[in-house]
Amino acid sequence: MFYHLRLGMVILLHSYNFHRKGTLPYLSITMEDCEAGKFDDIVIRYASSTTPKGTIYIQAKHKLSSENTKPLTEGDFFTKKASNTPFSVPMYFRSYLDHYRPASSGSHAYLLCTNATIDDKMMQYFTQRHRGREGKFTALLKDLRRVSLEKLGKLLATHAKTGEEINSNDTLISLYHNLIAMSVERITSNVFRFKREFWTAHDATPMGRLRIIVEREYGKLPQNRPKEEALQLTISNSSINFPNAAANPGSVDQFCFEQIDRIIHQFCDEFLLVCGSKSESKLLTDAHKLMPSWVRDRKGAFENLQTLLLEALRGEGSSTITLNQLKETYIEVNANESFNMLRFVA
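Residues numbered from 1 in each chain as written. Predicted model: local features only at pLDDT ≥ 70, side-chain atom pairs only at ≥ 80, totals over all residues. Heavy atoms only, no water.

Engineer: Would you explain the overall build of the chain in this entry?
Structural biologist: Summing up its helical and strand segments, the chain has 13 helices and nine strands in all. Per-residue burial for the chain yields a buried fraction of 45% across its 346 residues. Sequence separation of at least 24 residues holds for 69% of the intrachain contacts in the chain that already meet a minimum separation of 6. Carbon and sulfur atoms make up 51% of the accessible area of the chain, which totals about 18,400 Å². (Helix = DSSP H or I, 4+ residues; strand = E, 2+ residues; numbered from the N terminus. Buried < 20%, exposed > 50% of the residue type's maximum accessible area, 1.4 Å probe, protein only. Contact = heavy atoms within 4.5 Å. Areas by Shrake-Rupley, 256 points an atom, 1.4 Å probe, with all protein chains shown as cover.)

Shown next as structure tokens:
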């Protein structure tokens, strides 16, 4: 928690100093944002001269000196075995999908911040100039496709079991519109069943991979699995026209993954890994140095700001710190100091 708190202090003070310089006319900082998924530790919402509306989501991961201090490797970030580890990119992508809003406006950045270092071999994934190395980026692309396909399969299996209607505007349904179109056929206006081709599709094809997930997830649910023909889906607003894969000039993979690949590339553009950050003690030192020079009672102001962050972190009151609260904290400390000086003179 102290790493989280110290990092928050540095960000808060830096941000306020930018505001004082006129760079950030609007600013708020939320600790433990319940709407930010896996990037909930620190959320900065701001406006600047170049960005009318921006949001930075930060997840802080601190490794203690007593823990394994080896540099982070590919196994920490990408492998299926690491799908739920603290640094798993697929895990963060799942969260990104959960909170993805196509109509969301403004600039967004998602930071995974840690004091751990990164293996030099991993730089090919995180520097833009190497992103064109298709062999390496394709490995990540496939991993994130797998994660999203698993979410889709679970969604379809759950709704097939419960009979609940699926909203056609659901993010995953929209992103995998083409694959679903290949996999189902209409029974009534909004009721569909999986095609025969779906059940016989080769395991290596997009349809086959989806079938494996649907069968697996369906098997985890209560009751025995019904016959294939009885497994149906109800999709709202299903008057939409399903596209014909045969009419698409590209490959089947391209046809099925076109939309999700666009989101994967967007995620990769917005996701930032900050490694080798300073220790808790050094962050604390930096935070003290960032206190504005015009604050007379620097210790008092620092303690008040730290209390403000700590209360937000613990959920005591509002988890969001506004610009007005920051200003009031500085004004209150300076006013108290001035009052004490007057009383001393009197």
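Engineer: So what exactly am I meant to see when it comes to the pattern of salt bridges here?
Structural biologist: Side chains that carry opposite charge are capable of pairing whenever their charged atoms lie near each other. Counted under the stated rule, the structure contains twelve salt bridges. Two residues, D33 and R45, come together in a salt bridge whose shortest N-O distance is 2.9 Å. Here D33, found in the loop between β1 (26–31) and β2 (42–47), pairs with R45, found in strand β2; they are twelve residues apart in sequence, far enough to count as distant. A residue is classified by how much of its surface remains accessible, and D33, at 6% relative accessible area, is buried. What makes R45 partly exposed here is its relative accessible area of 26%. Salt bridges linked by common partners bring R145, R209, D253 and D261 together as one network. (Salt bridge = Lys/Arg side-chain N within 4 Å of Asp/Glu carboxyl O.)

Engineer: Explain the environment of S88 here, please?
Structural biologist: Relative to the helices and strands, S88 resides in the loop between α2 (74–77) and α3 (89–98). Judged by relative accessible area, which is 0%, S88 ranks as buried. A polar contact is formed between the side chain of S88 and the backbone nitrogen of M91, at a distance of 3.1 Å. (Polar contact = N/O pair within 3.5 Å; in protein donor to acceptor, adjacent residues only side chain to side chain.)

Engineer: Even after reading the chapter, I still don't get the sheet that holds strand β4 (residues 107–114), so can you show me in this structure?
Structural biologist: Strand pairing in a sheet relies on backbone hydrogen bonds, with the paired strands running either antiparallel or parallel. Reading across from one edge, β8-β4-β3-β2-β1-β9 is the order of the six strands in this open sheet, with mixed pairing throughout. The open sheet terminates on both sides in strands that have one partner only, identified here as β8 (271–274) and β9 (320–322). The average undirected angle you get between the axes of adjacent strands in this sheet is 20°. Bridging between β1 and β9 involves three bridges; their strand directions are antiparallel. Residue T30 lies in a different strand from β9, and its bridge partner there is T320. (Pairing = 2+ DSSP bridges. Axes fitted to C-alpha atoms, helices over the stretch in contact; angles between N-to-C directions.)

Engineer: Mind showing me how you'd approach the nonpolar core here?
Structural biologist: Nonpolar side chains in soluble globular proteins generally cluster together in the buried interior. One finds F77, F93, L152 and L156 to be the most contacted residues of the largest nonpolar core, which totals 61 residues. Tallying contributions element by element places helix α5 (residues 134–162) first for this core, with ten residues. When we break this core down by domain, the ones giving at least three residues each are domain 1 (1–118 + 275–341) and domain 2 (147–261). Discounting chain neighbours no more than four positions away, the residues touching F93 are L144, V147, S148, I260, I263, I264 and F267. By size, the runner-up hydrophobic cluster in this structure holds 36 residues, among which are L7, L12, C113 and L309. (Core = buried A, V, L, I, M, F, W, Y, C linked by side-chain atoms within 4.5 Å. Domains from an automatic or database assignment.)

Engineer: Would you mind showing me how to read the sheet that holds strand β7 (residues 232–234) here?
Structural biologist: Taking strand neighbours across the sheet as the criterion, the three strands line up as β5-β6-β7 in an open arrangement whose pairing is antiparallel. A single partner strand is all that each edge strand has here, and the edge strands are β5 (184–186) and β7. Each strand axis lies, on average, 35° off the axis of its neighbour in the sheet, ignoring direction. Pairing between strand β6 (residues 191–194) and β7: three bridges, direction antiparallel. Considered in β7, the bridge of R193 is made with Q232.

In short, the description is geometric, and any link to function would need to be established separately.
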